[in-house]
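Topology and contacts: notes
Letter by letter, the chains look like this.
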Amino acid sequence: MSLDTDIALLSKVPLFSELNAEQVRLLAFSAVHRELRVDEVLFREGEAAPSGYIVASGEIVMSHGEGRRKKVLATCEPGSLIGEVALFIATRRPATATANRLTDVMEINRTLIIRMLNEYPHVALRIRAALAERLTATVAELGKVQTALQKIDRPLQRR
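Section: the packing of aromatic side chains
A full pass over the atoms with the stated rule returns one aromatic pair. Ring centres of Phe 43 and Tyr 53 lie 5.9 Å apart, and the angle between their planes is 25°; on these two criteria the pair is classed as stacked. In this pair, Phe 43 sits in strand β2 (residues 41–43) while Tyr 53 sits in strand β4 (residues 51–57), placing the two residues ten residues apart along the sequence.

Details of the environment of Pro 78
By the secondary structure assignment, Pro 78 is in the loop between β6 (71–76) and β7 (81–82). Each C-alpha atom, one on Pro 78 and one on Ser 30, is 19 Å from the other, the two residues being 48 residues apart in sequence. Beyond its immediate chain neighbours, meaning those up to four positions away, Pro 78 contacts Val 55, Ala 56, Ser 57 and Gly 58.

Let's talk about the side chain of Arg 110
Topologically, Arg 110 is positioned in helix α3 (residues 110–119). Here Arg 110 sits buried without a salt bridge, and the closest side chain of opposite charge, Glu 107, lies 9.5 Å off (N-O distance). Leave out the neighbours within four places in its chain, and Arg 110 touches Ala 49, Pro 50, Ser 51, Ala 86, Leu 87, Phe 88, Ile 89, Ala 90 and Thr 91.

Side note on the sheet that holds strand β5 (residues 60–64)
Hydrogen bonds between backbone atoms are what pair the strands of a sheet, whose relative direction is either parallel or antiparallel. Taken in spatial order, the four strands of this open sheet run β2-β9-β5-β6, and their pairing is antiparallel. Of all strands in the sheet, those with a lone pairing partner are β2 and β6, marking the two edges. The mean angle between the axes of side-by-side strands here comes to 30°, regardless of whether they run parallel or antiparallel. Note that β5 and strand β9 (residues 96–99) share four bridges and pair antiparallel. For Met 62, the partnering residue across the bridge sits in β9 and is Ala 97.

Here we look at a nonpolar patch on the surface
Where nonpolar side chains cluster on the molecular surface, the patch consists of Val 145, Leu 149 and Ile 152 and spans about 280 Å² of accessible area. Its location among the elements puts Val 145 in helix α4 (residues 121–158).

Considering the sheet that holds strand β10 (residues 103–109)
Overall, antiparallel pairing links the four strands, which are arranged β1-β10-β4-β7 in an open sheet. Looking at which strands have only one partner, the edges of the open sheet turn out to be β1 (32–36) and β7. Two strands pair when backbone bridges link them, and β4 and β10 are joined in this way by six bridges, in the antiparallel orientation. Considered in β10, the bridge of Ile 54 is made with Met 106. Strand contacts of α3: β4 and β10, with the helix running at about 50° to β10, the strand carrying the most contacts.

Definitions and limits used
Residues numbered from 1 in each chain as written. Predicted model: local features only at pLDDT ≥ 70, side-chain atom pairs only at ≥ 80, totals over all residues. Heavy atoms only, no water. Phe/Tyr/Trp six-rings, centres within 6.5 Å; stacked < 30°, edge-to-face > 60°. Helix = DSSP H or I, 4+ residues; strand = E, 2+ residues; numbered from the N terminus. Contact = heavy atoms within 4.5 Å. Buried < 20%, exposed > 50% of the residue type's maximum accessible area, 1.4 Å probe, protein only. Lys, Arg positive; Asp, Glu negative; His and termini not counted. Salt bridge = Lys/Arg side-chain N within 4 Å of Asp/Glu carboxyl O. Pairing = 2+ DSSP bridges. Axes fitted to C-alpha atoms, helices over the stretch in contact; angles between N-to-C directions. Patch = residues over 30% accessible without salt bridge, like charges linked within 9 Å, V, L, I, M, F, W, Y side chains within 5 Å. Areas by Shrake-Rupley, 256 points an atom, 1.4 Å probe, with all protein chains shown as cover.

Everything listed here is a matter of coordinates, which is why it stays silent on function.
And the structure:
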């Protein structure tokens, strides 16, 4: 892919939407492309996670477990950011990522993101605000799930 194509793709990733053209160009220039064959594993559950990935083309399946106990958690299409948390903190992969077809991913290293946040503190504040907003929305959704589960559980307890 060309640098311009990479810039266009990164600009559409919600986490990077707050970045200006210069900052997105830096990300695109520093990203490393990796092409995966069908059924090739990008990373395995439990591995250290030093980076995040953007699906440039193809499809990545996120799964938990193996063999008969394998459970598909999500399918990531072009423009998807995989491993967002790994861009900010040292963590482990919560799932296994496998190419579902010929796939190209862009790897963004945590070191680069941390450097950008240090060099552009205003970007750090905008990203922090965006992540806080998403976390608040997630907590609200979990509250709805908890309420729904409690409604289901009450009739079961009466039996």
